[in-house]
Amino acid sequence: MTLQAVIVAFVAAIVFAVIGIILGVAYRKRVSEREISSAEDEARRIMNEAIKSAENKKREALLEAKEEILKDRTEHEQEVKSRRSELSKQEQRLQQKEENIERKAESLEQKNENLTVKLAQVDEKLAETDTLKNNQLKKLEEISNYTVDEAKQYLISTLKSEVTHELAQTLKNLENQFKEEADQKAREYITTAIQRCAADHVAEAAVSVVPLPSDEMKGRIIGREGRNIRTIETLTGVDLIIDDTPEAITLSSFDPIRREVARITLEKLILDGRIHPARIEETIAKARREVDSTIKSEGERATFETGIHGLHPEIVKLLGRQKYRTSYGQNVLNHSIEVSHIAGLLAAELGADVTTAKRAGLLHDLGKSIDHEVEGSHVTIGVELAKKYKESPDVIHAIEAHHGDVEPRTIIACIVQAADSISAARPGARRENIENYIKRLEKLEEVTNSFHGVESSFAIQAGREVRVVVKPEEVTEDQMVLLARDIAKKIEGELKYPGQIKVHLLRETKAIEYAK
């Protein structure tokens, strides 16, 4: 009984649960239908409001668009009115311009007519002038017995000669004026040339190299705070260049004797090992005495080799100083000895005084001993030294004339001049080889011969002078001044040469007749 009751209860519970579910579903359906109905009403209400709002906005947009169109139309009408007014003004201006152009055209036509009339009058006058000119020329030809062409040639030749004379005179005046300022400008030019060419010159003629046993010696030569090197440079006047060159010091100076003193001083200090200011002063004094002794002995050697006696002791010292001088790579002392020997041989062949020729040859470059210390050319300095130490007039004149600064008046002067040229120009004497030397002389003569009126030219004095023989019938005395100047300018522009070249023009007129 109990089991049956449980089953009945269970079935009743299931039945009630099913009924509850059915009733719940029905209730939710009625609630959903009511919500759907309210949502549809709300949607209809929203749609109606949206439609009303859209209609209102549409009416507002239409109103705004109408106002904007009205505004644009007003502005456009104003712009059209302003443009029309501008166009009317431009039309008025164009009309005024057209009227002005028409008036100008009328005036131009009138002027053209006047010009045509005047041109016709001018043509008539020109015809009359030509007729008068021809008549005058015929009368002038009858009076002067010259044709027109002959008269032109006569006038041209007359004016040319007058202008040439005036030009030559002007050139002479200018040369005299420029000579007054020549010394100062020459110093400036030489200073500029030395500054520009110092590198090449220093490498060959102003530098000595002293070898060192080790690089440690460089520091000892410099000394504490550089006192040793300052002492050497101050007392010798030579620059010491201590760089990265291994085991070597470079001595730089344009005075070869100072450089030699510094070189001997450094070699003695390096051998001794004691390097301090006091020792440096003592060593420099010894080196100077040694150089002076060498200079004296070299001067005596030159006199013994040439057989020249009776020279003043100071001249012997000056000769010895030439040992430390070079000219284009040629030692000046050896060159002087060589010139002395050559001059003696030439004098013996010509029957002149051999002793005087050798003496003048030995002393001809005496000025080069101190030309780096005294102003002036070595010729001028040598003449002054020879006069100071009472040399003979023949020797003094030979020194003065050996470069052609003055015309040689004695056979001794000519011999020394020739001997100097032979010693300087012979192959191997100087750095310039014989091929370049010959080419330079040939080029010098070629440049000179290229001028009109030149008959022949000769390069002499080892290329220091060119003598030009002109044709007297083609070159006048006045034209010689201009021709010499033109030749010198062309030589300066086309040739490269040391020193200067003297251009010497010769004009000779000969008259030959035979008595029968």
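Residues numbered from 1 in each chain as written. Predicted model: local features only at pLDDT ≥ 70, side-chain atom pairs only at ≥ 80, totals over all residues. Heavy atoms only, no water.

*Asks:* Before we move on, can you summarise the overall build of the protein with the specific residues and values?
*Replies:* In terms of helices and strands, the protein carries 14 helices and 8 strands. With 516 residues in all, the protein has 29% of them scored as buried. Approximately 35300 Å² of the protein is accessible, and the part contributed by carbon and sulfur atoms is 54%. (Helix = DSSP H or I, 4+ residues; strand = E, 2+ residues; numbered from the N terminus. Buried < 20%, exposed > 50% of the residue type's maximum accessible area, 1.4 Å probe, protein only. Areas by Shrake-Rupley, 256 points an atom, 1.4 Å probe, with all protein chains shown as cover.)

*Asks:* Which residues make up the sheet that holds strand β6 (residues 454-460), and what are the values?
*Replies:* Read across the open sheet, the 3 strands follow the order β6-β7-β8; overall the sheet is mixed. Two strands bound the open sheet, and with one partner strand each, they are β6 and β8 (502-506). Neighbouring strand axes in the sheet, compared pairwise and without regard to direction, differ in orientation by 20° on average. Note: strand β7 (residues 465-470) against β8, 5 bridges, orientation parallel. Each bridged residue has a counterpart across the sheet, and for E465 the counterpart in β8 is K502. (Pairing = 2+ DSSP bridges. Axes fitted to C-alpha atoms, helices over the stretch in contact; angles between N-to-C directions.)

*Asks:* Let's hear about the packing of helix α9 (residues 354-363) against helix α11 (residues 393-401): which residues, and what values?
*Replies:* Direction vectors running N to C along α9 and α11 enclose 45°, while the axes themselves pass 9 Å from each other. Considered as vectors, α9 and α11 are oriented oblique to each other. The two elements α9 and α11 cross, and the hand of that crossing is right-handed. Of the residues in α11, those in contact with T356, R359, A360 and L363 of α9 are D394, V395, A398 and I399. Looking at the contact of α9 with α11 residue by residue, the class counts come to 5 nonpolar, 1 polar and 2 charged. (Parallel < 35°, antiparallel > 145°, perpendicular 65-115°, else oblique. Left-handed = near helix turned anticlockwise from the far one by under 90°. Contact = heavy atoms within 4.5 Å. Nonpolar A, V, L, I, M, F, W, Y, C, P; charged D, E, K, R; others polar.)

*Asks:* Let's hear about the layout of surface pockets: which residues, and what values?
*Replies:* Of the volumes computed, that of the second largest pocket is approximately 350 Å³. Lining of the second largest pocket is provided by 19 residues; of these, I257, D292, I295, R321 and E373 occupy positions nearest its centre. Taken together, the elements giving at least two residues each to the lining of the second largest pocket come down to α5 (256-272), α6 (277-306), α7 (313-321) and α10 (378-388). Classifying every residue of the lining of the second largest pocket by side-chain character gives 8 nonpolar, 1 polar and 10 charged. (1 Å grid on protein atoms, 1.4 Å probe; cavity = no way out; pocket = protein on both sides within 12 Å on 5 of 7 lines; lining within 4 Å. Points joined across faces, edges and corners; volume = space filled by probe spheres on them.)

*Asks:* Explain the pattern of salt bridges residue by residue, including any values.
*Replies:* Evaluation of the coordinates by the stated rule reveals 18 salt bridges. K317 is paired through a salt bridge with E314; the nearest N and O atoms lie 3.9 Å apart. Note that K317 and E314 are positioned in helix α7 at a spacing of 3 residues, about one turn of the helix. On the basis of relative accessible area, K317 is assigned to the partly exposed category, the value being 39%. Between R507 and E477 there is a salt bridge, with its nearest N and O atoms 3.0 Å apart. Here the residue R507 occupies a position in the segment after β8, and E477 occupies one in helix α14 (residues 477-494), the gap between them amounting to 30 residues. One salt-bridge network, in which partners are shared between bridges, spans D272, R274, R279, E282 and K286. (Salt bridge = Lys/Arg side-chain N within 4 Å of Asp/Glu carboxyl O.)

*Asks:* Kindly report on the environment of A424, identifying the contributing residues and their values.
*Replies:* Considering the arrangement of structural elements, one finds A424 in helix α12 (residues 411-425). Judged by relative accessible area, which is 10%, A424 ranks as buried.

*Asks:* Can you break down the environment of L171 residue by residue, with the values?
*Replies:* Position of L171 among the secondary structure elements: in helix α2 (residues 148-205). Taking the C-alpha atoms as reference points, L171 and L482, separated by 311 residues in sequence, lie 8.1 Å from one another. Look past the residues within four positions of L171 in its chain and what remains in contact with it is V481, L482 and R485.

*Asks:* So what's going on with α10? Residues and values would help.
*Replies:* In an α-helix there are 3.6 residues to a turn, and that puts residues three or four apart on one side. Within the sequence span of α10, burial applies to H378, V379, I381, G382, V383, L385 and A386. Looking at the buried residues of α10, the elements they touch are α7 and α11. Looking one or two residues beyond α10, the residue adopting positive phi is K390, at roughly 60°.

*Asks:* Lay out α14 with the relevant residues and their values.
*Replies:* A rise of 1.5 Å per residue sets the reference length of α14, with its 18 residues, at 26 Å; its end C-alpha atoms lie 26 Å apart and thus fit the reference within 8%. Taken residue by residue, α14 has M480, L482, L483, I487 and I491 as its buried positions. (Expected span 1.5 Å × (residues − 1).)

*Asks:* Tell me about the packing of α6 against α7, and please be specific about residues and values.
*Replies:* At a minimum axis separation of 7 Å, α6 and α7 run at an interaxial angle of 100°. Judged on the interaxial angle alone, α7 and α6 are roughly perpendicular. For the pair α6 and α7, contact is made by I295, K296, E298, G299, E300 and T303 and by V316, K317, L319, G320 and R321, respectively. Broken down by class, the residue content of the contact of α6 with α7 amounts to 3 nonpolar, 3 polar and 5 charged.

*Asks:* Would you mind going over the nonpolar core in detail, with residue names and values included?
*Replies:* One finds L311 and L363 to be the most contacted residues of the largest nonpolar core, which totals 35 residues. Listed by contribution, the elements that provide at least two residues to this core are α7, α8 (332-350), α9, α10, α11 and α12. Of all the elements, α8 adds the most residues to this core, at 6 residues. Ignoring any residue separated from it by four or fewer positions in sequence, one finds L363 in contact with L311, I315, L319, E391, V395 and I399. Core analysis: the second largest hydrophobic core is formed by 24 residues, L251, A262, L266 and I275 among them. (Core = buried A, V, L, I, M, F, W, Y, C linked by side-chain atoms within 4.5 Å.)

*Asks:* Give me the lowdown on the side chain of T306, citing residues and values where you can.
*Replies:* Relative to the helices and strands, T306 resides in helix α6. Looking at T306, the relative accessible area reads 2%, which means it is buried. A polar atom in the side chain of T306 sits 2.8 Å from the backbone oxygen of A302. At a separation of 3.4 Å, a polar atom in the side chain of T306 contacts the main-chain carbonyl oxygen of T303. Ignoring any residue separated from it by four or fewer positions in sequence, one finds T306 in contact with I337, S340, H341, K358 and L362. (Polar contact = N/O pair within 3.5 Å; in protein donor to acceptor, adjacent residues only side chain to side chain.)

*Asks:* I'd love a proper account of the pairing of strand β3 (residues 248-252), names of residues and values included.
*Replies:* Among the 5 residues in β3, 5 count as buried, and that is most of the element. Both faces of β3 are covered, namely the face carrying A248, T250 and S252 and the face carrying I249 and L251. The pairing of strand β2 (residues 239-241) with β3 spans 3 bridges and is classified as antiparallel. Following the sheet pairing, D239 is matched in β3 by S252. If you look at the hairpin formed by β2 and β3, you'll find 6 residues sitting between the two strands, and E247 has a positive phi there, around 55°.

Read these as geometric descriptors, not functional statements.
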